[in-house]
Amino acid sequence: MDGEHLIALGKEDEFVLETSSDDALDYFQRWLDKTSDWKFGFISYDVKNCIEDLDSKEPNRAGFPLIHFVRPRFVIRYLPATSHMEVLKGDTELLKGIALKELFHKAEANNSSQHATTLRLAPRINRAQYLQAVTQLQRHIQEGDIYEVNYCQEFYAEESLSDAFAVWQRLNTFTEAPFSSFLQLGDHYLLSASPERYLKKTGSRIISQPIKGTIKRGKTDAEEQALKDALYHSEKERSENVMIVDLVRNDLSKSAKRGTVRVDELFGVYTFKTVHHLISTVSGEVKEGTTFTQILRDTFPMGSMTGAPKIRAMQLIDEYEYSRRGLYSGSVGYITPSGDFDFNVVIRSIVYNAAKPYISCSVGSAITMLSVPEKEYEECLLKAEAIMKTLHGKLHESKNLSF
């Protein structure tokens, strides 16, 4: 990739939350308050159970904790295009023994098909089950229970990755996603090619950039323009986007100064390597003294991965989805010594537990009354395409599975 890498190495301290409780985020905030330092880590979707009176019925197959953050020993800014490295934290002399440039060069050399394992990825549900669930969710919408819900499905394999870092490098050659990340905490790995930002705070300004609206890339310039126009003018995609923008505005207003929340951009069409997306930007000015976990309570999980109204949508997600989301549709990112932060939305990602072993790749789409269930299923497969290609994956077929 040509973009900037922010790299955290080593561990001086850590915070791990295994189970949900009403005061879990208070413990997390106390850990954050111990030092003004860099912190890197992840927040699983199931942290929702610490924020609202919610539960998760499916087993935690990937085996990730709810929250895992570390204070790293070293923080480095690395620019691959120029091989320039800037040490933001840690002893520069000690870093000389860590061959970061060689690490990246080795990964690029290994980033070829001969080093990748062909995996047989099994869907947690078949096509018929997916269509039935979407139809049932549309009944909830018709009855006024919800307006929109993000419904997801999982593809998985109980196999090992021989070189997770090289797989992540390969994934990003297919996607070139702006919020991609590679995370290794013990036996837990995240190989993310996320195109979506959850929250970024710089000074007192906070922004969220929800994605709602997806269409494939074209083969010619004329087809590309036609597809982008179709995405921008789609009644379905615009309705999805504006409902989530309204939800994000409401969430941010809880932590923001009165009158500062605004929509900086509505229905922006952005082009990625595999798809076009409809992205909006919402911003606000955070009230003085607002803590990180207070902002988390007010905005998590992100509206683009839940639906509206948020709490009822999450209840239906747990009722109709066949797998626990875990880290998927959660967030990974960092907090700076000054309290600024940047976190993505964990989508287009491979979640990997090397100890089990277990590989999980989930995809989803927004369901509204305008949704056509068969097309929503096709959109899920489109979003999974880069991951399948990365893993040289094949969908496992049996008499019980229909694709």
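Note that the structure is predicted; figures quoted are calculated from it, not measured. (Residues numbered from 1 in each chain as written. Predicted model: local features only at pLDDT ≥ 70, side-chain atom pairs only at ≥ 80, totals over all residues. Heavy atoms only, no water.)

Trainee: Quick question: what am I supposed to make of the overall build of the protein here?
Mentor: Counting secondary structure elements, the protein contains 11 helices and 21 strands. For the protein, the spread of C-alpha atoms along the three principal axes comes to 60 × 55 × 45 Å. A buried classification covers 54% of the 403 residues belonging to the protein. Long-range contacts, defined here as pairs at least 24 residues apart, represent 75% of the contacts in the protein between residues at least 6 apart. Accessible area for the protein stands at about 17700 Å²; split by element, carbon and sulfur atoms hold 47% of it. With 49 positive and 56 negative side-chain charges, the protein shows a separation of 1 Å between the mean positions of the two kinds. (Helix = DSSP H or I, 4+ residues; strand = E, 2+ residues; numbered from the N terminus. Buried < 20%, exposed > 50% of the residue type's maximum accessible area, 1.4 Å probe, protein only. Contact = heavy atoms within 4.5 Å. Areas by Shrake-Rupley, 256 points an atom, 1.4 Å probe, with all protein chains shown as cover. Lys, Arg positive; Asp, Glu negative; His and termini not counted. Charge placed at Lys NZ, Arg CZ, Asp CG, Glu CD.)

Trainee: Sorry if this is basic, but what is going on with the packing of aromatic side chains here?
Mentor: Any pair of aromatic rings gets described here by the distance separating the centres and the angle formed by the planes. Under the defined criterion, the tally for this structure stands at 22 aromatic pairs. Measuring from ring centre to ring centre gives 5.5 Å for Tyr189 and Tyr352, while their planes differ by 35 degrees; the resulting arrangement is tilted. Separated by 163 residues along the polypeptide, Tyr189 in strand 10 (residues 188-194) and Tyr352 in strand 19 (residues 349-353) bring together distant segments of the chain. In this pair, the class of Tyr189 matches that of Tyr352, namely buried. Aromatic ring contacts, followed pair by pair, group Phe15, Phe28, Trp31, Phe69, Phe292, Phe341 and Phe343 into a single cluster. Over the ring of Tyr232 we find Arg238; its NZ or CZ atom is 4.8 Å from the centre of that ring. A cation sits over an aromatic face here: Arg325 above Tyr45, 4.7 Å from the ring centre. (Phe/Tyr/Trp six-rings, centres within 6.5 Å; stacked < 30°, edge-to-face > 60°. Lys NZ or Arg CZ within 6 Å of the ring centre and 35° of its normal.)

Trainee: Is there a simple way to explain the pairing of strand 11 (residues 197-202) in this structure?
Mentor: Here is the key point about a regular strand: its side chains alternate between the two faces of the sheet. Of the pairings in the sheet, the one linking strand 11 to strand 12 (residues 205-209) comprises 4 bridges and is antiparallel in character. Residue Thr202 lies in a different strand from strand 12, and its bridge partner there is Arg205. Count of turn residues in the strand 11/strand 12 antiparallel hairpin: 2 residues, of which Gly203 carries a positive phi of about 65 degrees. Of the pairings in the sheet, the one linking strand 11 to strand 18 (residues 341-344) comprises 4 bridges and is antiparallel in character. Bridge pairing links Lys201 to Phe341 in strand 18. (Pairing = 2+ DSSP bridges.)

Trainee: Any chance you could explain the packing of helix 6 (residues 164-175) against helix 11 (residues 373-390) here in plain terms?
Mentor: Any two packed helices are characterised by the angle at which their axes cross and by the distance between the axes. Orientation of helix 6 relative to helix 11, taken along the N-to-C sense of each, is 135 degrees, at an axis distance of 9 Å. The angle between the axes of helix 6 and helix 11 places the two elements in the oblique class. As helix 6 runs across helix 11, the sense of the crossing is right-handed. Residues Val167, Arg170, Leu171, Phe174 and Thr175 of helix 6 form the contact with helix 11, whose participating residues are Ala386, Ile387, Lys389 and Thr390. Classifying every residue of the contact of helix 6 with helix 11 by side-chain character gives 5 nonpolar, 2 polar and 2 charged. (Axes fitted to C-alpha atoms, helices over the stretch in contact; angles between N-to-C directions. Parallel < 35°, antiparallel > 145°, perpendicular 65-115°, else oblique. Left-handed = near helix turned anticlockwise from the far one by under 90°. Nonpolar A, V, L, I, M, F, W, Y, C, P; charged D, E, K, R; others polar.)

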